[in-house]
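Structural features, examined
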Amino acid sequence: MGQLESSRSERGSRDQKKADRPRKTEDRQTGLVRRRYERLARIYDITQWPMERRAHRWRRDLWERLEGENILEVGAGTGANIPFYGAERKMTVTDIAPKMLEQARGRAAEEGVAGTFEIADAQNLPYPDNNFDAAVATFVFCSVPDPVQGLWELRRVVVPGGQILLLEHVLTEIPVLRFLMRLLDPLMARLWGAHISRETVDNVRRAGFSTVSDTDLSLDIVKRVEARV
Ligand SMILES: C[S@@+](CC[C@H](N)C(=O)[O-])C[C@H]1O[C@@H](n2cnc3c(N)ncnc32)[C@H](O)[C@@H]1O
């Protein structure tokens, strides 16, 4: 913070201060998302139960496709993916909301799964470049305020040629549904902290991955996305 303030005063120019504002807004939004998930943490799994009956298969298939041993998971939430980690992998499990991550840690203990658990913002990961073999995120980039920045960070911390695997709900191409999803997006984001009209496959391309492919899992709304650094 002190560093930020001193660099601002060095710049001194009014225009530059204005240019700093969007980042501050992003930080505020990230704080809102974190607090929302902190509040939800205790009841999150109950609210997800109906969807989780279907998601279980999507998760299993995703983890079967994963290559490499040193894996980063961002936005791990309450740890719904933990049953799929496998003993042979070295897992780094992260989330921005401490109470969500605490639940994940508890689930890992119950399952007898080892991992490193860390609070981390996907938009600003505390890891060096080329640090992981692969990265996974499931139903995360709908709530990250700057998804391209978050995906850019995944690309930075994964080795060249490494995989990024995502499960995400995205904006449909079906006209009536598309209209409704766009209409309801602000309300859903406010109530639930998640955007329902994100174009995540395009966002992955914008983040500069070398190859990007997607598979429809439920209509064209829930997708598995695979990208290579
Ligand atoms: C819808 S939940 C999904 C949780 C889990 N991945 C799953 O599949 O059940 C979204 C998770 O992303 C986390 N999250 C949101 N914004 C984040 C950010 N900027 N960095 C890291 N995690 C974030 C939330 O705290 C929450 O745990």
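Residues numbered from 1 in each chain as written. Predicted model: local features only at pLDDT ≥ 70, side-chain atom pairs only at ≥ 80, totals over all residues.

A positive phi is found at Phe139, a non-glycine position, where the angle reads about 55 degrees. Even without a glycine there, the phi angle at Leu219 is positive, about 45 degrees. Of note, Leu219 is situated in the loop between strand S6 (211-218) and strand S7 (222-228). (Helix = DSSP H or I, 4+ residues; strand = E, 2+ residues; numbered from the N terminus.)

Counting 47 residues, the largest nonpolar core has Ala135, Val158 and Ile164 as its most contacted members. The residues touching Ala135, leaving out its near neighbours within four places in the chain, are Leu72, Val74, Leu154, Val157, Val158 and Ile164. (Core = buried A, V, L, I, M, F, W, Y, C linked by C-beta atoms within 7 Å. Buried ≥ 20, exposed ≤ 12 C-beta atoms within 10 Å, placed from the backbone. Contact = placed C-beta atoms within 7 Å.)

Looking now at the environment of Leu167. Structurally, Leu167 is set in strand S5 (residues 158-169). With sequence-adjacent residues up to four places away left out, Leu167 is seen in contact with Trp58, Arg59, Leu62, Thr138, Phe139, Val222 and Arg224.

On to the sheet that holds strand S4 (residues 132-138). One open sheet holds the seven strands; their spatial order is S3-S2-S1-S4-S5-S7-S6, and the pairing between them is mixed. In this open sheet, the two strands that pair with only one neighbour each are strand S3 (116-119) and S6. Adjacent strand axes in the sheet meet at a mean angle of 15 degrees, parallel and antiparallel pairs treated alike. The pairing of strand S2 (residues 90-95) with S3 spans four bridges and is classified as parallel. Each bridged residue has a counterpart across the sheet, and for Asp95 the counterpart in S3 is Ile119. (Pairing = 2+ DSSP bridges. Axes fitted to C-alpha atoms, helices over the stretch in contact; angles between N-to-C directions.)

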